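Coordinates in review
Spelled out, the chains give:
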Amino acid sequence: MTSGTLITVAPTGAESAKADVPALPVTVDEVVATARDCQAVGASVIHLHVRGTDTRPTLDLPRVREVVAAVREATDLVVQLSSGGSVTDPLPDRLAVLDAAPDAASLTLGTVNFGRDVFSNPWDLIVELHTQMQQRAIVPEYEVFDLGHLATLTRLLDRHGPPHGGHVHVDLVMGVPGGMPGTTQALAACLPHLPPGATFAATGVGRTSLPVMLAALSARGHLRVGMEDTLTYAPGEPVRDNAQLVARAAGLARIAQRPPMTADDARVMLGVSTDRTTHSPVEAQP
Ligand code: KMH
Ligand code: ZN
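All of the points below concern the structure found in this document. (Residues numbered from 1 in each chain as written. Chains lettered and ligands numbered in written order. Predicted model: local features only at pLDDT ≥ 70, side-chain atom pairs only at ≥ 80, totals over all residues. Heavy atoms only, no water.)

Taken as a whole, helix 9 (residues 263–270) has its buried residues at Ala 263, Ala 266, Arg 267, Met 269 and Leu 270. The arc that holds the buried residues of helix 9, viewed along the axis, is 165°, so those residues lie on one side. Residues of helix 9 that are exposed and point more than 90 degrees away from the buried face comprise Asp 264 and Val 268. Against strand 2 (45–48), strand 3 (78–81), strand 7 (139–144), strand 8 (169–174), strand 9 (199–204) and strand 10 (222–225) lie the buried residues of helix 9. In the stretch just after helix 9, Gly 271 is the one whose phi turns positive, near 80°. (Buried < 20%, exposed > 50% of the residue type's maximum accessible area, 1.4 Å probe, protein only. Helix = DSSP H or I, 4+ residues; strand = E, 2+ residues; numbered from the N terminus. Arc of directions from axis to C-beta. Contact = heavy atoms within 4.5 Å.)

Moving on: the packing of helix 1 (residues 28–40) against helix 8 (residues 242–255). Direction vectors running N to C along helix 1 and helix 8 enclose 20°, while the axes themselves pass 9 Å from each other. Taken together, the axes of helix 1 and helix 8 lie roughly parallel to each other. Taken as a pair, helix 1 and helix 8 cross one another with a handedness that is right-handed. Across from Thr 34, Asp 37 and Cys 38 in helix 1, the residues of helix 8 making contact are Asn 242, Ala 243 and Val 246. (Axes fitted to C-alpha atoms, helices over the stretch in contact; angles between N-to-C directions. Parallel < 35°, antiparallel > 145°, perpendicular 65-115°, else oblique. Left-handed = near helix turned anticlockwise from the far one by under 90°.)

Our next topic: the coordination of the zinc ion (ligand 2). Within the protein, His 47 (NE2), His 49 (NE2) and Glu 228 (OE) serve as the donor atoms for the zinc ion (ligand 2), at 2.1 Å. For the zinc ion (ligand 2), all donor residues lie on one chain, and their spacing in sequence is H-x1-H-x178-E. One end of the pair, His 47, is in strand 2; the other, Glu 228, is in the loop between strand 10 and strand 11 (232–234), with 181 residues separating them in the sequence. The exposure class of Glu 228 is partly exposed, given its relative accessible area of 24%. (Donors = N, O, S within 2.8 Å, 3.2 Å for Na, K, Ca; no water.)

In terms of burial, strand 7 is largely enclosed, as six of its six residues are buried. Burial along strand 7 is two-sided: Val 139, Glu 141 and Glu 143 facing one way and Pro 140, Tyr 142 and Val 144 facing the other are all buried. Sheet topology note: the strand 7/strand 8 ladder contains three bridges and is parallel. Considered in strand 8, the bridge of Val 144 is made with Leu 172. Between strand 7 and its parallel partner strand 8, the chain crosses via helix 5 (residues 147–160), and the hand of that crossover is right-handed. (Pairing = 2+ DSSP bridges. Right-handed = clockwise from strand over helix to strand, strands pointing away.)

Right under this line is the structure:
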């Protein structure tokens, strides 16, 4: 097992408008250029929310497939699609992104307030995502917004078995208004509740980005950064682009003497299949 740091870039998200954040990558070309730039400075996984030609979030399958194919063509990154979508997306549409046959997909382990909205993740959706990913050879990244979500993860694995690839990887998403705070104490509180053998990454939203990154590195965790989560590089200084955030994470990982993993190392750690032909949507149907 490599001792490096897995860095995921979450370049776009579903909650910021292009009009408000002009540097947000939304077109296929912008996403591809971002993916290339971020791989060059240390990212090994890309967490993708897709935007339509109108720049708004979409789960339209042809568009999702187009973006997945374009990123695969241009980079070696592990392509992780969001199954979380936006707070307004219907649950069946979120499940249907698996038809785009990504390497990996996010899977949030419980409902959480999301600012003034509700990010809905009922148990039946969790089970459906988990079992469909097992059947389709898609590796889940279990997203945890609160400590109780880790109890749900244990229950899920006990009742429905391990994920495809056999390895459990968790992303602690911290600092969302409504979820756990982005603090060293909250991160440390989660660690004893990780399943045996699991790896974890952490993401600090907004101004919690840096403290969470430093806490995660100190606990031998991995990192997720990007404009989905952070739009300000320093007080009063907007993020220039996603590569700026990945480069900072990579620099801190090197200081921690756990340099960024390659995409190949990330595939091995996560249990992602290296044979992409096994991911064809036709073969993947249960
Ligand atoms: N857009 C958030 C409501 C995920 O990608 O799986 C949910 C989210 C989680 O971003
Ligand atoms: Zn997301």
